[in-house]
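# Structure at a glance
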Amino acid sequence: MTPPSSPPSVRLPGRGRRRRRGTRALAVVTAVVCGSALAACSTSTAGPAETGTVRTVLNSDPSSFDPAQAQGQQTFQVASLLYDTLLRRDSDARLVGGLATDWATESASEFTFTIRDDATCSDGTPITASVVADSLRRLADPATESTWKSLVFGLGDVDVAADDRASTVRISLSEPFTTLPQGLAIPQSGIVCPAGIADAEALEAGSVAGAFSGPYTVQEAQQGLNYTFALREDYAAWPEFSTPLTGEPPRRLEIGVSTDQSTVANQILAGDLDLGQFADPDAVKRFTAQPDLHQYQVISATAYVVFNQREGRPFAGRPDLRRAVAQAINQEAFNAIFTKRTADVLTSVTPASFRCTNTDRSLLPEHDPDAASELLSDVSGVQLIGNTANRQFSGGADYLFAALTEAGAEVNMSKVDNATFWSTIAEGGSDWDIVFLGDLNSVGAISASLDRVIGPSVEDGGRNYSASDNPEGEAALAEGLASTDPEAQCDAFDRAQRTLFERSDIVPLAGSPLTYVTGPDLTVSVFDDYVDLATMRVGAE
Amino acid sequence: MTTTTATDRPRARRVRGGSSWTSFALRRLGGLAGVVVVAVVVTFVIVPLIPGDPAVSAAGPDATVDQIARVRAQLGLDQPMFDRFLDYVGGLLQGDLGHSFSLNAPVSDVVLRRLPFTAALAFGALLVVLAVAVPLGMAVGALTRGGRRRRLDSAFGYTTAFVAAIPPYVLATLLVLLFAVTLQVLPPAYTRSQPGVSMLLPALALSIPSICLIARVVRRETAVVLEQDYLRTARGWRLGTVRTALRYALPNLLTSTLTLSGIILVGMLGGAISVETVFSWPGLGLGVVNAVATKDYPLVQGIVLVLAVLSALMTMLVDILLGIVDPRVRGGHHG
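Since the structure is predicted, the reported quantities are computational estimates derived from the model, not experimental observations.

Now for the overall build of chain A. Regarding its fold elements, chain A presents 18 helices and 18 strands. With the C-alpha coordinates of chain A rotated into their principal frame, the extents come out at 105 × 70 × 50 Å. A sequence separation of at least 24 residues applies to 70% of the contacts in chain A between residues at least 6 apart. In the structure as shown, chain A presents an accessible area of about 21,400 Å², 50% of it carried by carbon and sulfur atoms. Counting 40 positive and 71 negative side-chain charges, chain A places the averaged centre of each group 16 Å from the other.

This part takes up the overall build of chain B. Helix and strand counts for chain B come out as 13 helices and 2 strands. Considering only C-alpha atoms, chain B reaches an extent of 85 × 75 × 30 Å along its principal axes. Relative to its full complement of 335 residues, chain B shows a buried share of 44%. Across chain B, every contact between residues at least 6 apart in sequence was considered, and the portion connecting residues at least 24 apart equals 75%.

Below, the discussion takes up the nonpolar core. Where a protein is soluble and globular, its nonpolar side chains tend to be buried together. Counting residues in hydrophobic clusters, the biggest one holds 147 residues, and the most contacted among them are A:L86, A:F113, A:L136, A:F153, A:I171 and A:L437. Ranked by residue count, the leading element in this core is helix α5 (residues 107–143) of chain B, at 13 residues. Composition of this core by domain shows at least three residues from each of domain 1 (87–189) and domain 2 (300–514) of chain A. If sequence neighbours within four positions are ignored, A:L437 has contacts with A:T302, A:A303, A:Y304, A:V306, A:F393, A:F421, A:W422, A:I425 and A:Y465. The next biggest cluster of nonpolar side chains, apart from the first, holds 33 residues, and it includes A:F212, A:Y227, A:V257 and A:A534.

As recorded in UniProt, the sites labelled "transmembrane region" (unreviewed entry) are residues 29–50, 117–143, 155–179, 199–218, 253–279 and 299–325 of chain B. The span residues 199–218 of chain B is 95% helix and 0% strand, and its two end C-alpha atoms sit 27 Å from each other.

Another point: the domain arrangement of chain A. Residue and element names in this part refer to chain A. As assigned here, chain A comprises domain 1 (87–189) and domain 2 (300–514). Between the C-alpha centres of domain 1 and domain 2 the distance comes to 32 Å. With 17 residues of domain 1 at the interface, the matching set in domain 2 holds 15 residues. In total, domain 1 and domain 2 occlude about 1,200 Å² of area from one another, counting both sides; carbon and sulfur atoms represent 63% of this.

Moving on: the packing of helix α11 (residues 319–328) of chain A against helix α13 (residues 369–376) of chain A. Residues and elements named next belong to chain A. For the pair α11 and α13, the least separation of the axes is 8 Å and the interaxial angle reads 140°. In terms of orientation, α11 and α13 fall into the oblique class. Where α11 crosses over α13, the handedness of that crossing is left-handed. Touching D320, L321, A324, V325, Q327 and A328 of α11 are P369, A371, A372, L375 and L376, all from α13.

This part is about the sheet that holds strand β7 (residues 168–173) of chain A. Residue and element names in this part refer to chain A. Ordered in space as β4-β5-β7-β6, the 4 strands form an open sheet in which the pairing is antiparallel. Only two strands of the sheet have a single partner each, and these edge strands are β4 (100–107) and β6 (158–163). For this sheet, the mean inter-axis angle between neighbouring strands, taken without regard to orientation, is 15°. Each of β5 (110–115), β6 and β7 is contacted by helix α4 (residues 129–140), which is oriented at about 170° to β6, the strand it contacts most.

Attention now moves to helix α10 (residues 229–236) of chain B. Residue and element names in this part refer to chain B. Burial in α10 covers these residues: Y230, L231 and A234. Viewed end-on, α10 has its buried residues packed into an arc of 95°, placing them on one side of the element. Turned more than 90 degrees away from the buried face of α10 sit D229 and G236, all of them exposed. Count one or two residues on from α10 and you reach R238, which has phi positive near 60°.

Here we come to a negative patch on the surface. Side chains of A:E366, A:D368, A:D370 and A:E374 sit close together on the surface and give a patch of like negative charge. Assessed through its relative accessible area of 63%, A:E374 is described here as exposed.

Looking now at the UniProt feature "domain: Solute-binding protein family" (unreviewed entry) in chain A. Under the present numbering, the feature "domain: Solute-binding protein family" (unreviewed entry) in UniProt falls on residues 95–440 of chain A. Each end of residues 95–440 of chain A is marked by a C-alpha atom, and these two atoms are 20 Å apart; helix forms 28% of the span and strand 24%.

Two aromatic rings, taken as a pair, are described by how far apart their centres are and by the angle between their planes. Residue and element names in this part refer to chain A. This structure, assessed with the given rule, holds 22 aromatic pairs over all chains. A ring pair is formed by Y83 and F212, whose centres lie 5.6 Å apart and whose planes are at 55°; its orientation type is tilted. Taken together, the positions of Y83 in the loop between α3 (73–82) and β2 (87–89) and F212 in the loop between α8 (200–205) and β8 (216–222) put the pair 129 residues apart, joining distant regions of the chain. In terms of burial, Y83 and F212 fall into one category: buried.

Let us look at the side chain of A:N358. Residue and element names in this part refer to chain A. Mapped onto the elements of the fold, N358 is located in the loop between α12 (331–338) and α13. A relative accessible area of 4% places N358 in the buried class. With sequence-adjacent residues up to four places away left out, N358 is seen in contact with T347, S348, L363, D494, Q497 and F501.

Turning to a nonpolar patch on the surface, a few remarks are in order. Taken together, the side chains of B:V37, B:V38, B:V41, B:V42, B:V45, B:I46 and B:L49 define a hydrophobic patch exposed on the protein surface, amounting to about 600 Å² of accessible area. Along the chain, B:V42 falls in helix α1 (residues 9–46).

Right, let's get into the pattern of salt bridges. Within the structure shown, the criterion is met by 29 salt bridges over all chains. Between B:R192 and A:E220 there is a salt bridge whose closest N-O contact spans 3.0 Å. Here B:R192 is found in the loop between α7 (168–182) and α8 (195–198), whereas its partner A:E220 is found in strand β8 on a different chain. A residue is classified by how much of its surface remains accessible, and B:R192, at 24% relative accessible area, is partly exposed. With relative accessibility at 29%, the residue A:E220 sits in the partly exposed group. Between A:D234 and A:R232 there is a salt bridge; the shortest N-O distance is 3.3 Å. Connected through salt bridges with shared partners, the residues A:D280, A:D282, A:K285, A:K340 and A:R391 form a single ionic network.

Turning next to the pairing of β8(A). All names here are of chain A. Sheet topology note: the β8/strand β9 (residues 226–231) ladder contains 6 bridges and is antiparallel. Considered in β9, the bridge of Q222 is made with N226. The antiparallel hairpin formed by β8 and β9 contains 3 residues in its connecting segment, where G224 sits at a positive phi of about 90°.

This brings us to helix α18 (residues 486–502) of chain A. All names here are of chain A. Over its 17 residues, α18 runs 24 Å from end to end, which matches the ideal 24 Å to within 8%, given 1.5 Å per residue. When we look at burial in α18, the residues that qualify are Q489, A492, F493, A496, Q497, T499, L500 and F501. Positive phi shows up at S504, right after α18, with a value of about 55°.

Our next topic: the interface of chain B and chain A. At the junction of the two partners, chain B supplies 59 residues and chain A supplies 57 residues. Interface area for chain B against chain A, summed over the two sides, is near 4,600 Å², with a carbon-plus-sulfur share of 55%. Summed over the shared surface of chain B and chain A, the result is 1 salt bridge. Taken together, chain B and chain A are joined by 8 residue pairs in polar contact (both at pLDDT 80 or more). Looking at the side of chain B that touches chain A, the elements with two or more residues in it are α2 (54–59), α3 (65–74), α5, α7, α10, α11 (241–278) and α12 (284–293) of chain B. With 7 residues, the top contributor of residues to the side of chain B that touches chain A is α11(B). Per-class residue counts for the side of chain B that touches chain A are 32 nonpolar, 17 polar and 10 charged.

Quick notes on the rules
- For every chain, the first residue of its written sequence is number 1, and the numbers climb from 1 along that sequence.
- As a convention, the first chain written is A and the first ligand written is 1, with the rest following in written order.
- Where local features are concerned, this predicted model is filtered to residues with pLDDT of at least 70; where side-chain atom pairs are given and counted, the filter is 80 or more; whole-chain, interface and lining totals use all residues.
- As a rule here, side-chain values come from all non-hydrogen atoms in the structure, and water together with hydrogens is ignored.
- Each helix corresponds to a stretch of at least 4 residues labelled H or I by DSSP, and each strand to a stretch of at least 2 residues labelled E; elements are numbered beginning at the N terminus.
- Contacts are assigned to residue pairs that have any heavy atoms within 4.5 Å of one another.
- For every accessible area listed, the method is Shrake-Rupley and the probe measures 1.4 Å; residues are considered covered only by the protein chains on display.
- Under the convention used here, Asp and Glu are negative, Lys and Arg are positive, and both His and the chain ends fall outside the count.
- Charge positions are represented by NZ for Lys, CZ for Arg, CG for Asp and CD for Glu.
- The buried label goes to any residue with under 20% of its type's maximum accessible area, the exposed label to any with over 50%, and the partly exposed label to all in between, with areas taken from a 1.4 Å probe on protein chains only.
- Nine residue types can take part in a nonpolar core, namely buried Ala, Val, Leu, Ile, Met, Phe, Trp, Tyr and Cys, and a core is a set of them joined through side-chain atoms within 4.5 Å.
- Where each domain begins and ends is defined by an automated method or by a domain database.
- UniProt positions are given in the numbering used here, feature names are shortened, and annotations may be inferred rather than shown by experiment.
- Note: buried area is the sum, over both parts, of the accessible area (probe 1.4 Å) each one loses when the two are combined.
- Axis angles are defined between N-to-C directions and span 0 to 180 degrees, where every axis is a line fitted to C-alpha atoms and, for a helix, only to the segment in contact.
- If an angle is under 35 degrees, it is roughly parallel; if it is over 145, roughly antiparallel; if it lies from 65 to 115, roughly perpendicular; otherwise it is oblique.
- Here is the rule for handedness: rotate from the far helix to the near one, and if that takes an anticlockwise turn smaller than a right angle the crossing is left-handed, while a clockwise turn gives right-handed.
- Being paired, for any two strands, means DSSP has found at least two bridges between them.
- The directions from the helix axis to the C-beta atoms are what the arc is built from.
- To count toward a patch, a residue needs a relative accessible area over 30% and no salt bridge; like charges are then connected within 9 Å, while nonpolar side chains (Val, Leu, Ile, Met, Phe, Trp, Tyr) are connected within 5 Å.
- One speaks of a salt bridge when a side-chain nitrogen belonging to Lys or Arg is within 4 Å of a carboxyl oxygen belonging to Asp or Glu.
- Two rings belonging to Phe, Tyr or Trp (six-membered ring only in the last case) form a pair when the distance between their centres is within 6.5 Å. Interplanar angles under 30 degrees mark stacking, angles over 60 mark edge-to-face geometry, and anything in between is tilted.
- Helix span, expected: 1.5 Å multiplied by one less than the number of residues in the helix.
- Side-chain atoms alone can form a polar contact between residues adjacent in sequence; in general such a contact is a pair of N or O atoms within 3.5 Å, and within protein one must be able to donate a hydrogen while the other accepts it.
- Three categories are distinguished: nonpolar for Ala, Val, Leu, Ile, Met, Phe, Trp, Tyr, Cys and Pro, charged for Asp, Glu, Lys and Arg, and polar for the others, with Gly belonging to the last.

Okay, structure coming up:
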C-alpha cells in the first residue's frame, strides 16, 4: 500500500501536549469505567429466602432417574427428592412413616405396611396399596436387574400383595430378612408411579411427568449441564419426624454439575450456591471463619482393609499374617492422612452411629510394628490395589504401602481409578491381595457391610469381596437377619463381628467424612450419618 | 494456432486466478478430510486405553459379576474391536455420534448443548485478544521503533514473556482468588442466572496469555513495517500517527496476526479443558473431563472428534482468509 499523493494537514504547535493530556484523560476515564463496571458486577445474588430457589451442584450427573437403577450417592439424593419411600430414616436409628403410616414386622419374613390415604403421584393419581405394590414388585423382579433388590429384600424370592380396601401392602420373603424396613427407607426403593412403570426408558431419562411420588418433579433435565426440580403444589405427604421440621421447603431447586470442590467452595463463599458437599477436609477448612454458613458433617462411608482369601493367595488360610498386617497399621496415622483427623477411627465395618456396631477397642490388635515385621518380613509379592477416587483414598493407599513395606513385606502397589478398583475386586480371579474399601452403606444397617466380608463371594452371586470361608460368621449374620428381636439381632451381629476380629479378616481404619455446607437461609436435617435432602427448609428457626 | 488479443487478457488472468483458487481450496479440503479420518481412527483407538472398565462404571460398585457382564453386552463392549469400529464409523456416516453411557442420552445432543458454551468462550476470548493485543503491540512497536525507549521495550518483552508462560489453569486460579474470592466483584464459576458476567473470568484466563503472545508478534512486525520506505514517506508527509498506523501499517500486519489468531483460537479450544474445569463452565472441555472420569467412551470420542474437526475447520477458514488477504499464500498465480 502506498501513501496518498498529497500531504494532509500540518501539525499545529501545542497539539502534542493536548494529545498527551487527552491520553491521560482517556486512561482515567477507562479506569473509572472499568472500576464501575466491576463494582456493578456484584456477585451477591438473592438467596433462597427471597427467591424460594436453592442452587446446588452434584459432582456427577444422576446415573438414572429410575430409583431402582440409581448408582452413586448423588443419584440416591436426586431419587430422595423425586420419589417417596414407604418409610423414612429418623434420628437415633429410628424409622418413621413415609408413604406408610404404620407397619408391622410379623415375622422375619412377613411384613405389612398401611399406606397413607392422602398421597398422590405427580399426575394426580392416588398412591394406593396397588400402586405401591406394583412399584415394589418391579424392584424385586429379576428382569429389572436392580442391584438393590438383594439389599432391600435379601437373596430369596419376594411376594408382594396389595389390599386397596384396607390400604395395606404385605411383603412375604422366602428367606428371613429383618432389615427389610430399613431397606424400604433407602431412596433406591422409592415408589415409582404407574406412568413411570409404563415407560421405563422415559423414566430413566426423567421425562415422565407423572412418575414422581415425592415432593419434587423434574422441570428440566439437560444431561451434562443442569437440572431444575419444582416443588409439587399438591404434595402433602411430609413425614412426621421426631423433631418437626420448621421453615418452608424450597419451591425450586437448580442443580448444576461440578467436579471441582475448590470451585464449589468459591461459589458458596461468593453466595452463588446455597448447598455444597465436600469430601476434602481442606475445602471444608475454608468455611471455618464463616459463622453464617451451616455445616453438617456425616460419615458417608467407612474405610477398612480387606484381604483376598482365595486359594493360592498369600493371605488365604493365614490369620497370623492378616493379624500382622493389622499390627503394622497405625489407625491414628492412617486417619491423619485419610481425614486429617476430622473423623474418628473405626472399631468395626460401620460408624458408631449404626445399630449393633462393635465399640470394644480391645477386640482389635494394638499397633505393634515389631511383632508385625517378625512375620511380614518373609512375605513377598503382595499385590496392593489403591483407589485414586480422590486425594484421601490415594493418600490412604500410600500409607498402607509404607506401613507394610516398613514392616518388611515386599509389596507391589497399583494405584487405579475408582471404576478399575471396583472392577478388579469384583472379579473373583483378579490379581490382588489387599485393599482398603470405601464402603458406602446406603441401607444404614450393619448387615449390609458385614456381607462385604462374610457369606457368599462376589463370584457366587454374593457381596463378599474377600471370599473368606467363615461359617461361624455366616451363621451369626444369618441369625441376625432372621431375628425380629432387636437385642437378639444385635447379639448375633456382634458375634459376626467378633469372628472377623478373631480371624483378622478385616482391619478397621477410619470413617470417610462428608461435609454439607448450606447458606445462611437454608437448613437440612441429619439423621445419624444420613442427610435427607428432602428435609431442606428455607427460613427455619 | 490461437492468438491472444488485448481484450482477452483480463479474462485469461481471471481463469488462471480461478484455477489457483480451486486448487487452493481443494488442497485445504483434502487436508481437512485427512484430519477428520485421522481423528476418527485415533479417537476410537486411544479412548479405550483409558484405564478402567466402563461396564463396571455404568453398573456401579454394588453390581454382581453377572450384572456387569450383562451391562457390558448391552453397551456392546463384548464385541471385537474391529466390529465396534465399523459400527462407530457407520453411525458417524449417518450423523450418529453414539450414545452416552453415563448420561443415557445421544452424544450429539450433549455436544450440541455444550458447544455454544465453548464457542462463546473461545470466540469471546479471541475478540478480547484481538481488541487488546493488536493496538497494544502496535503502540509499543511504534513507540520503540528504531531503538527508541529501550526500557519500555525491555519491560514489555519481559512482562509479556512471563505472563504468556503462565499456564491457563494457574492464571484462572489467580483470577478467581483476586476477583471472586478477595474482591468479590465477579462470580467464581458459571452461574445460570448470570451467564454473561460469569464468562468474564474464564475469558480473561484464556485470553491473557494469548494477548501477550500476539502483542509481541505485532510489536515486532510493527517495528519492521514502520522502518519501510513508504511509511517513512508517510511520516515525512506528517500523516497523523493513528492514521499512518491504521491505514498503512495495520494491513501489513494482518497476515501474521491472522495466522497466529487461527493457531490461538485452536489452542483456546484445547485450553478450554482446564479453564472450563476451574470455572465449572459447562462447555465441551468440562464435558470431556467428566466423560473420562466416568469412562464414557462414546462421549469422550464424540467430544474429541468434534473438537478436532472444529480445529481443522478453523485452520482451513484462516487459510482461506489468508488466501484472500495475501494471494501469495494460495501458492499459484499472483494476479
